There are 2 protein chains.
Amino acid sequence: MPDATDPAPMNARRKFRREGEERRRQDLIEATLDSVAEYGLQGASLRTIALRAGVTAGLIRHYFPGKEELLQEAYATLVGRMTEHAKAALVAEDASPRQRLAAFVTANLNAPIIDTRVFSLWATFLGRAGADPALARAHREGYLGFRNEVEAVVAEVLAAEQRKPDASQLRHHAIAINAVIDGLWIEGCLAGEMFLPGELAAIGIKAVETELGLAPLEQFQEK
Amino acid sequence: MPDATDPAPMNARRKFRREGEERRRQDLIEATLDSVAEYGLQGASLRTIALRAGVTAGLIRHYFPGKEELLQEAYATLVGRMTEHAKAALVAEDASPRQRLAAFVTANLNAPIIDTRVFSLWATFLGRAGADPALARAHREGYLGFRNEVEAVVAEVLAAEQRKPDASQLRHHAIAINAVIDGLWIEGCLAGEMFLPGELAAIGIKAVETELGLAPLEQFQEK
DNA sequence: GGCCTTGTTGCGCAAGTGTATAAATAGCCT
DNA sequence: AGGCTATTTATACACTTGCGCAACAAGGCC
């Protein structure tokens with residue numbers, strides 16, 4: 001016989017708190033990124049996402065028209081975060097162009113940019129770029145913005161060395177530098193433990209400076 | 001009233017041909033890769049794959065224990081194809097080391113290696129590497145094999161120039177060269193039309209030769 | 001030609017999917 | 001304190017998914 005003072009009815013409806021709209025959207029997007037990174041696009045069901053966000057599945061449709069839109073916003077958030085953080089190192093300091101370039105490379109080849117979760121998300125979404133023009137465009141814009149930043153610093157670096165490359169050479173330098181950083185980033189994300197701490201950044205800086213024909217600093221010169 | 005000579009009964013069972021075991025397995029794997037590239041891991045259902053292969057879904061279970069195993073075999077096939085084709089340019093010719101290295105770069109930065117379908121597959125599967133150790137191991141083995149090949153040619157190239165790099169320098173060169181090629185490959189796959197034909201290969205060769213400190217050939221020298 | 005093996009189909013099933021919608025309640029406003 | 005409303009839960013629904021299984025027939029063998 002149940003105690004008359006039992007405060008918990010058998011079929012109690014789940015307790016919940018009301019959150020501000022922006023907070024909930026943020027939480028749902030974060031839960032989406034977590035789910036995609038962990039289970040892939042296939043395993044990231046609305047119920048999985050909702051569970052991770054601490055709500056029930058139906059709520060998602062209160063904030064997003066459908067799953068498609070949720071994924072798109074999540075991807076936009078990811079891209080924004082990546083490019084924002086990546087470009088920060090370029091503008092923050094008031095050091096020499098060469099130092100800023102080195103800082104940029106270093107920033108991109110260490111945590112938190114080198115991170116398996118971010119890589120999983122990057123690869124998962126980009127795998128759909130071939131079939132989804134919206135994704136492809138989002139990537140291209142991010143990539144071009146990134147490359148233009150690189151090109152600008154490269155121009156400054158070379159100008160500081162009294163060199164006057166033409167537009168084509170500048171473009172090629174930027175493309176190549178961008179490629180090394182991307183490639184090293186991938187290797188670091190996928191097999192970070194194969195490299196010593198700071199090794200990838202050292203390789204990257206050396207490769208970039210060699211590409212630009214900068215004279216090696218004394219302490220790094222080959223014998 | 002149906003014609004008595006009508007040769008097609010209303011509920012005719014589908015006609016089919018028996019194929020050799022190896023042929024069917026190949027077809028199913030190919031259909032799997034096609035489906036994954038086009039619809040992603042989520043959209044590549046057994047029924048989609050079977051439709052593409054020209055069979056019914058039930059047959060797949062006659063050749064594979066489950067979907068998981070089918071996907072794993074498909075990925076293994078893909079990796080095998082990529083590394084095989086990539087390494088072919090290295091060993092085929094009896095040219096100078098420097099020419100073989102250039103041919104290797106060129107081969108990796110043109111069709112059929114630069115291909116949106118292959119990239120989609122690569123990214124889609126690799127997006128799961130963070131959560132699936134089997135995938136991560138498969139990638140690492142392919143990557144290391146690839147890098148070792150690069151390192152071997154680099155050693156030959158430098159030896160032909162009378163230079164004696166130590167093991168660490170050799171390793172760093174191989175890592176950097178591998179990274180440029182990977183980065184340029186990605187850019188070519190995702191935004192091939194942003195580059196002139198052969199431009200990526202030219203950028204790659206120049207970057208690789210600069211990385212190794214090779215004197216530029218006359219016709220490519222900067223003015 | 002007729003049989004026998006087994007590759008192949010067709011169908012059913014339980015679980016899970018995204019979406020729709022009604023019912024409940026948390027928290028602000030007065 | 002008490003009502004209003006928007007947020008949240010809960011449930012339903014049509015559909016797809018991977019898998020199991022029995023019936024069927026294609027093609028080699030005698």
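Cut-offs applied
- Residues numbered from 1 in each chain as written.
- Chains lettered and ligands numbered in written order.
- Predicted model: local features only at pLDDT ≥ 70, side-chain atom pairs only at ≥ 80, totals over all residues.
- Heavy atoms only, no water.
- Near = heavy atom within 4 Å.
- Polar contact = N/O pair within 3.5 Å; in protein donor to acceptor, adjacent residues only side chain to side chain.
- Helix = DSSP H or I, 4+ residues; strand = E, 2+ residues; numbered from the N terminus.
- Nonpolar A, V, L, I, M, F, W, Y, C, P; charged D, E, K, R; others polar.
- Least-squares fit on C-alpha atoms with pLDDT ≥ 70 in both.
- Contact = heavy atoms within 4.5 Å.
- Domains from an automatic or database assignment.
- Buried area = accessible area lost by both parts, 1.4 Å probe.
- Salt bridge = Lys/Arg side-chain N within 4 Å of Asp/Glu carboxyl O.
- Buried < 20%, exposed > 50% of the residue type's maximum accessible area, 1.4 Å probe, protein only.

Chemist: Before we move on, can you summarise the protein's contact with DNA strand C with the specific residues and values?
Modeler: Residues in contact with DNA strand C amount to 25 residues; listed here are only the nearest, Arg61 and Lys67 of chain A together with Arg18, His62 and Tyr63 of chain B. When atoms of DNA strand C within 4 Å of the protein are sorted by moiety, sugar and phosphate together comprise 67%. In the model, a phosphate oxygen of DNA strand C is placed 2.8 Å from a nitrogen or oxygen of the Leu46 of chain A main chain. The contact in question runs from a phosphate oxygen of DNA strand C to an N or O atom on the backbone of Glu19 of chain B, over 2.8 Å. Of all the secondary structure elements, the ones that give two or more residues to the surface near DNA strand C are helix H2 (46-53) of chain A together with helix H3 (57-63) of chain B. Examining the composition of the surface near DNA strand C, we find that 4 residues originate from one element, H3 of chain B, more than from any other. Partitioning the surface near DNA strand C into residue classes produces 6 nonpolar, 5 polar and 14 charged.

Chemist: Tell me about the relation of the copies chain B and chain A, and please be specific about residues and values.
Modeler: After a rotation of 180° and a shift along the axis of 0.0 Å, chain B superposes on chain A with an RMSD of 0.1 Å. A rotation of that kind, with that shift, is consistent with a two-fold axis. Interface overlap between copies is the fraction of interface residues in one copy that are interface residues in the other; for chain B against chain A it reaches 98%, indicating a shared surface.

Chemist: So, the domain arrangement of chain A: which residues are in play, and what are the values?
Modeler: Residues and elements named next belong to chain A. If you check the domain split of chain A, you get domain 1 (18-64) and domain 2 (72-220). With centres defined by C-alpha atoms, the gap from domain 1 to domain 2 works out at 31 Å. Of the roughly 950 Å² buried between domain 1 and domain 2, counting both surfaces, carbon and sulfur atoms make up 67%. Where domain 1 packs against domain 2, one counts 4 salt bridges. Here domain 1 is connected to domain 2 by 4 residue pairs in polar contact (both at pLDDT 80 or more). Taken together, the residues that form the side of domain 1 that touches domain 2 break down as 6 nonpolar, 1 polar and 3 charged.

Chemist: Report on helix H6 (residues 116-126) of chain B, specifying residues and quantitative values.
Modeler: Residues and elements named next belong to chain B. Counting buried positions over the 11 residues of H6 gives 9, a clear majority of the element. Along H6, the positions that sit buried rather than exposed are Val118, Phe119, Ser120, Leu121, Trp122, Ala123, Thr124, Phe125 and Leu126. The distance from a side-chain oxygen at the start of H6 to the backbone nitrogen of Arg117 is 3.1 Å, and the residue carrying that oxygen is Asp115.

Chemist: Describe the environment of Gly127 of chain B, naming the residues involved and giving the relevant values.
Modeler: As for its placement among the helices and strands, Gly127 of chain B is situated in the loop between H6 and helix H7 (133-160). For Gly127 of chain B, a relative accessible area of 0% gives the class buried. With 11 residues separating them along the chain, Gly127 of chain B and Thr116 of chain B place their C-alpha atoms 16 Å apart. When neighbours within four sequence positions are excluded, Gly127 of chain B is seen to be in contact with Ser120, Ala123 and Thr124 of chain A.

Chemist: Break down the interface of chain B and chain A for me, citing the residues and quoting the values.
Modeler: Across the contact, 48 residues belong to chain B and 48 residues belong to chain A. Of the roughly 3900 Å² buried where chain B meets chain A, counting both sides, 58% is carbon and sulfur surface. Summed over the shared surface of chain B and chain A, the number is 4 salt bridges. Across the pair Arg171 of chain B and Glu199 of chain A runs a salt bridge whose closest N-O atoms are separated by 2.3 Å. Broken down by secondary-structure element, the contributors of at least two residues to the side of chain B that touches chain A are helix H1 (21-43), H6, H7, helix H8 (167-191) and helix H9 (199-211) of chain B. For the side of chain B that touches chain A, the element with the most residues is H8 of chain B, which contributes 15 residues. Each residue belonging to the side of chain B that touches chain A can be placed in one class, and the counts come to 24 nonpolar, 12 polar and 12 charged.

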